[in-house]
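Coordinates in review
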Amino acid sequence: MKRVFEKLYTLPERTILIIGFLMVALLGVIDYFSGYEMSFAIFYLLPVMFIGWFSERGYAIAVSILSGVVWYIADILSGHLYSHPILPVWNAIMRLGFFLLIVFSLSEIKRLLVSEQNLARIDFLTGISNSRNFIENAKKEIERSARFSHPFTLAYVDIDNFKKVNDSLGHAEGDELLQVVAQTIKDHIRSVDMAARLGGDEFAILLLETNEKDANSTMVKIQTELLEVVKQHNWPVSFSMGAVTSHEKCNLDDLIKEADNLMYIVKDRGKNSIAYKTFSVLNKEAVSY
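Not measured: the values here are computed from a predicted model. (Residues numbered from 1 in each chain as written. Predicted model: local features only at pLDDT ≥ 70, side-chain atom pairs only at ≥ 80, totals over all residues. Heavy atoms only, no water.)

**Comments concerning unusual backbone geometry**
Glycine aside, a negative phi is what most residues show, and trans is what most peptide bonds show. Note the cut-off: For helices the rule is a DSSP run of H or I covering at least 4 residues; for strands it is a run of E covering at least 2, with both sets numbered from the N terminus onward. Only protein chains enter the accessibility calculation, which uses a 1.4 Å probe; a residue whose area is less than 20% of its type maximum is buried, one above 50% is exposed, and one in between is partly exposed.
Although it is not a glycine, Asn 234 sits at a positive phi angle of roughly 60°. For Asn 234, the location among the structural elements is in the loop between helix H9 (212-232) and strand E4 (238-246). Positive phi, close to 55°, is recorded for Asn 272, a residue that is not glycine. Among the residues examined, Asn 272 registers a relative accessible area of 33% and is labelled partly exposed.

Shown next as structure tokens:
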């Protein structure tokens, strides 16, 4: 069942709508030939719920109206006699109201589910990806890049002397620093790239289709902007960074380890700098540049 749902989520919206409308038409035909004595009420919920879950609410409302009309027509054509002409219209309106109630309930459930999924992927403080979401998406992007022989760069950013900000200025100021750093990084990478807070004062950046030269340029720009923004806030911090570029398919854990090691090498050498390497699967020690 899970695989079926995953497959349905990949279908174009037009295909989803066609399936839904065909379901309504088929139910109308069956409803007509089965006669008014046999109720098909619950089956009309299937196309309504199908469109309501896999498409937009507006389309689900349209299918609800269509289902109510088809049900009404099948009921009349099958020979169902009423004591008053208003009764079939009233029944159709009640059915439509029931369909719409289902549509709006599903819409709210979907909204809450998406909200929960987003919360599970987003760092609550900074609003960028958390480590879990970063790792999941980075693996997919690395595989895609390797498939098309595109280079990519993984970078680690650590805030030097972050503890000093918390100790001297308070945790509220430290939280603001983290938020500003996250936003600055996000503002200076492309929409196709990824930024995440890994926890504490460490951040990760994945630069897609980025070779050594472009990685150097991007990381220098990010560091320059970060230093400028912390200077404006009078925060006594700097930034140590490690960036690893690869031109081949490799293990994400190996890349993370290399970037992390580079970052700590920078810290050991005096902080506030950037170290670069080109990663090679055959040479796990990597090549500096």
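**Some details on helix H10 (residues 252-268)**
Our working rule: Expected helix span is taken as 1.5 Å per residue step, with the number of steps being one fewer than the number of residues. Residues are treated as being in contact if the distance between any of their heavy atoms lies within 4.5 Å. Under the rule applied, a polar contact is a pair of N or O atoms within 3.5 Å (in protein, one hydrogen donor and one hydrogen acceptor; residues adjacent in sequence only if both atoms are side-chain atoms).
For H10, built from 17 residues, the straight-helix expectation of 24 Å at 1.5 Å per residue is met to within 8% by its first-to-last C-alpha distance of 24 Å. The complete set of buried residues in H10 reads Leu 252, Leu 255, Ile 256, Glu 258, Ala 259, Leu 262, Met 263, Val 266 and Lys 267. Residues of H10 that are buried sit in contact with helix H6 (131-147), strand E1 (152-160), strand E3 (202-208), E4 and strand E5 (274-279). The backbone nitrogen of Asp 253 lies 2.7 Å from a side-chain oxygen of the residue at the head of H10, namely Asn 251. Remark: Gly 270 follows H10 within two positions and exhibits a positive phi of approximately 125°.

**Notes on the environment of Val 69**
Locating Val 69 in the fold gives a position in helix H4 (residues 57-77). For Val 69 and Ala 138, which are 69 residues apart along the polypeptide, the C-alpha to C-alpha distance reads 49 Å.

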